Amino acid sequence: MQNNNLSHQMSLMHALIRECRAGIPKEVEAMARKEGLSSNTLAHAIAMGKVSVPANPRHCRSAVAIGEGCLVKVNVNIGTSAQRCDHVLEVEKAKAAISCGADTLMDLSTAGDIPSLRRQILSLGVPMGTVPIYEAVRRSGNAVDVDADLLFQVIREHCKDGVDFLTLHCGVNLEALEALRSDPRLMGVVSRGGAFHLARMVQNGEENPLFSEFQYLLEILDEYEVVISLGDGMRPGCIHDAGRLAKSIEYLAIGRLSRQCLDHGIQRFIEGPGHIPLPQVGYNIRMIKELTDQAPLYLLGPVVTDIAAGYDHVVAAMGSVVACCHGADFLCMVSPSEHLALPRVDDIVEGTRVTRIAAHIGDCVKRGEAWQRTRELPLVEARRDLDWESQFREAMFGEHARSIHGRDGAVETCSMCGDLCAIKLVKEIFEKNHKQRE
Ligand code: SF4
């Protein structure tokens, strides 16, 4: 399985990084226009591993740039579970996510015909990620029996199908397991992928093959031009656990693996950091960025309070905004059903919209006040003019806004103040006063 031939190792490099180190490829020019960046800036960031573009040549038709200087991107997770396995519903959820502005999708299916659903979601044309250990566990029957060959075979199959990025929990290693034992946590392990690797290591006493065979893994990713998302299998599952050792040990490992990716020109994201009290978010984000040479950072939340079940999408958005102020690049949608159930279509819609709002506020912070004023001015002018059609056109979710405005009947103002509309009153009094002065 291993290929330790040094000259072969040194030849690894994703084509996009190679091209960006040599000049400015055409697809980078197009992406730079979308991002409002110069082509040179974007090509340099890709060459330095600060921006990654998940775009498997077997699949991707709408590449997106994720990382430093780019607009904040949103991923939406869909996928079956043993309790609810309905492919039609999952495709419907994926389409709903795209219509609400998802930049990428992840299929986290753990039940049914996983390859068939994966290909259906891939056919929607949006960059897509998966977590191959899920399918490997299903195929072997349980987590402890997943052998390394099967895991690498599943990874290869996902790459061949055209998956653009893979979450791989390479940092869940024996050292992290020892940290978990020596410094126990209230919630143990809440990452599904992390738990599968951990179960295997506890049962067999063997190192995680994604860690011990990392070089081989890079060769597969290089062959198919697939981005690795270094998964945070030891992320804390409650704020009580935020300062425990296992997470930090995993991040040290991820930092080393991220450097290995960079040295070999393999594009990567970093995932993290789980449930974190709000005052610790900035520190965590800056630490991860530093440890990983400013690699693109992909977050779920952080979740900044544990007691708002049913509203964790709002909680995560609050954490995300603060994280974006400190350098987060890529937000994973959290739905109202987080910690409670598999999301339904309406959960996906609500979660995606709220995450998109967090991403927009992140963009406003990153790009500055002048950028925000220019971006938002048309809506403000329409609001001042009581021009409802223009407001609905400029709003992030215009049809939703229209449905709320219309529910008390059509009026010139809105039903909040009705005939005592402050905007209308002041506008009329100024106009009258202006005429009297003429
Ligand atoms: S009625 Fe009140 S809330 Fe509605 S547009 Fe006028 S000032 Fe704003």
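Note that the coordinates shown come from a computational prediction; the quantities given were computed from them, not determined experimentally.

Caption draft 1: The arrangement of the overall build of the chain in detail. Broken down by element type, the chain carries 20 helices and ten strands. For the chain, whose C-alpha radius of gyration is 24 Å, the value lies close to the compact-globule estimate of 22 Å for 438 residues. Viewed in the frame of its principal axes, the chain has a C-alpha envelope of about 85 × 50 × 40 Å. Looking at the chain as a whole, 54% of its 438 residues qualify as buried.

Caption draft 2: Structural view of the nonpolar core. Val-76, Leu-105, Ile-155, Cys-170, Phe-214, Leu-217 and Ile-228 are the most contacted members of the largest nonpolar core, which totals 84 residues. Other than its neighbours up to four places away in sequence, Cys-170 contacts Asn-208, Leu-210, Phe-211, Phe-214, Leu-217, Ile-228, Leu-230 and Leu-257. Counting residues in hydrophobic clusters, the runner-up holds 16 residues, among them Ile-17, Ala-32, Ile-46 and Cys-70.

Caption draft 3: Seen up close, the packing of helix α7 (residues 132–140) against helix α10 (residues 192–204). Viewed as axis vectors pointing N to C, α7 and α10 meet at an angle of 50 degrees, and their least axial separation amounts to 9 Å. As far as their axial angle goes, α10 and α7 are oblique. With respect to the hand of their crossing, α7 and α10 are arranged in left-handed fashion. Here α7 contributes Ile-133, Tyr-134 and Val-137 to the contact with α10, which in turn contributes Arg-192, Gly-193, Phe-196 and His-197. Among the residues forming the contact of α7 with α10, the class breakdown is four nonpolar, two polar and one charged.

Caption draft 4: Structural view of the domain arrangement of the chain. Each assigned domain of the chain is listed here: domain 1 (6–367) and domain 2 (370–437). When each unit is reduced to the centre of its C-alpha atoms, the spacing between domain 1 and domain 2 is 40 Å. Summing both sides of the interface, domain 1 and domain 2 together bury roughly 760 Å²; the carbon and sulfur share of this comes to 74%. Taken as a group, Arg-353, His-360 and Cys-364 account for 61% of the area that domain 1 buries against domain 2, more than any other trio of residues on that side. The interface formed by domain 1 and domain 2 includes zero salt bridges. Per-class residue counts for the side of domain 1 that touches domain 2 are four nonpolar, one polar and four charged.

Caption draft 5: Structural context of the site of the ligand. In the vicinity of the ligand, the contacting residues are Leu-386, Thr-413, Cys-414, Met-416, Cys-417, Cys-421, Ala-422 and Ile-423. Among the residues making up the shell around the ligand, the classes are represented as seven nonpolar, one polar and no charged.

Caption draft 6: Summary view of the confidence of the model for the chain. Overall, the predicted model of the chain reaches an average pLDDT of 95, with 97% of residues at or above 70. Low pLDDT, under 50, characterises residues 1–10; the stretch is placed with 16 contacts to residues that sit more than four places away or in other chains.

Caption draft 7: Quick look at helix α8 (residues 148–161). With 14 residues, α8 extends 20 Å from end C-alpha to end C-alpha; this agrees with the ideal 20 Å at 1.5 Å per step. Taken residue by residue, α8 has Ala-148, Leu-150, Leu-151, Phe-152, Val-154, Ile-155, His-158 and Cys-159 as its buried positions. Looking at where α8 begins, the residue whose side-chain oxygen comes 3.2 Å from the main-chain nitrogen of Asp-149 is Asp-147. Directly beyond the C-terminal end of α8, a positive phi value near 110 degrees is found at Gly-162.

Caption draft 8: Up close: the layout of surface pockets. Roughly 1,200 Å³ of volume is contained in the largest pocket. Along its surface, the largest pocket is lined by 47 residues, and Leu-108, Arg-192, Arg-235, Leu-300 and Glu-338 are the ones closest to its centre. For the lining of the largest pocket, the secondary structure elements donating two or more residues are β3 (73–78), α10, β8 (268–272) and β9 (297–299). Counted by class, the lining of the largest pocket contains 21 nonpolar, 18 polar and eight charged residues. In this structure, the second largest pocket encloses a volume near 470 Å³. Lining the second largest pocket are 21 residues, and of these Arg-383, Trp-388, Gln-391, His-405 and Cys-414 lie nearest its centre.

Caption draft 9: Quick look at the side chain of Thr-104. Checked against the element boundaries, Thr-104 lands in strand β4 (residues 104–107). Of note is the side chain of Thr-104, whose polar atom sits 2.8 Å from the side chain of Asn-75. Residue contacts for Thr-104: discarding those within four places in its chain leaves Val-64, Val-74, Asn-75, Val-76, Val-126, Pro-127, Phe-165 and Phe-330.

Caption draft 10: Summary view of a nonpolar patch on the surface. Together, Ile-357, Ile-361, Val-365 and Met-396 make up a nonpolar patch on the protein surface, roughly 300 Å² of accessible area in all. In this fold, Met-396 is placed in the loop between α18 (388–394) and α19 (398–405).

Caption draft 11: Representation of the pattern of salt bridges within the structure. Taken as a whole and assessed by the stated rule, the structure comprises 23 salt bridges. The closest approach of N and O atoms between Glu-35 and Lys-73, which form a salt bridge, is 2.8 Å. Placement of Glu-35 in helix α3 (residues 26–35) and of Lys-73 in strand β3 is noted, with a sequence separation of 38 residues between them. The pair Glu-35 / Lys-73 is uniform in exposure class, with both members buried. Between Glu-428 and Lys-424 there is a salt bridge, with the nearest N and O atoms lying 3.9 Å from each other. Here Lys-424 and Glu-428 lie together in helix α20 (residues 422–437), a separation of four residues that amounts to about one turn.

Caption draft 12: How the structure looks around the pairing of strand β7 (residues 227–230). Residue alternation in β7 divides its side chains into two sets, Val-227 and Ser-229 and Ile-228 and Leu-230, and both sets are buried. One ladder, built from four bridges, connects strand β6 (residues 165–168) with β7; its direction is parallel. In the strand pairing of β7, Thr-167 is matched with Ser-229. Viewed along the sheet, the connection from β7 through helix α13 (residues 245–264) into β8 turns out right-handed.

Caption draft 13: Up close: helix α5 (residues 87–99). The end-to-end C-alpha distance of α5 is 18 Å, a good match for the 18 Å that 13 residues give at a rise of 1.5 Å each. All of the buried residues along α5 are His-87, Leu-89, Glu-90, Val-91, Lys-93, Ala-94, Ala-96 and Ala-97. The inward-facing, buried residues of α5 abut β3, β4, α6 (114–122) and α16 (345–367). At the N-terminal end of α5, a side-chain oxygen is found 3.0 Å from the backbone nitrogen of Val-88, two or three residues along, and the residue is Asp-86. Gly-101 occupies a position one or two residues after α5 and carries a positive phi of about 105 degrees.

Reading the values: the criteria
- Residues numbered from 1 in each chain as written.
- Predicted model: local features only at pLDDT ≥ 70, side-chain atom pairs only at ≥ 80, totals over all residues.
- Heavy atoms only, no water.
- Helix = DSSP H or I, 4+ residues; strand = E, 2+ residues; numbered from the N terminus.
- Rg over C-alpha atoms; globule rule 2.2 N^0.38 Å.
- Buried < 20%, exposed > 50% of the residue type's maximum accessible area, 1.4 Å probe, protein only.
- Core = buried A, V, L, I, M, F, W, Y, C linked by side-chain atoms within 4.5 Å.
- Contact = heavy atoms within 4.5 Å.
- Axes fitted to C-alpha atoms, helices over the stretch in contact; angles between N-to-C directions.
- Parallel < 35°, antiparallel > 145°, perpendicular 65-115°, else oblique.
- Left-handed = near helix turned anticlockwise from the far one by under 90°.
- Nonpolar A, V, L, I, M, F, W, Y, C, P; charged D, E, K, R; others polar.
- Domains from an automatic or database assignment.
- Buried area = accessible area lost by both parts, 1.4 Å probe.
- Salt bridge = Lys/Arg side-chain N within 4 Å of Asp/Glu carboxyl O.
- Near = heavy atom within 4 Å.
- pLDDT = per-residue confidence, 0-100.
- Expected span 1.5 Å × (residues − 1).
- Polar contact = N/O pair within 3.5 Å; in protein donor to acceptor, adjacent residues only side chain to side chain.
- 1 Å grid on protein atoms, 1.4 Å probe; cavity = no way out; pocket = protein on both sides within 12 Å on 5 of 7 lines; lining within 4 Å.
- Points joined across faces, edges and corners; volume = space filled by probe spheres on them.
- Patch = residues over 30% accessible without salt bridge, like charges linked within 9 Å, V, L, I, M, F, W, Y side chains within 5 Å.
- Areas by Shrake-Rupley, 256 points an atom, 1.4 Å probe, with all protein chains shown as cover.
- Pairing = 2+ DSSP bridges.
- Right-handed = clockwise from strand over helix to strand, strands pointing away.

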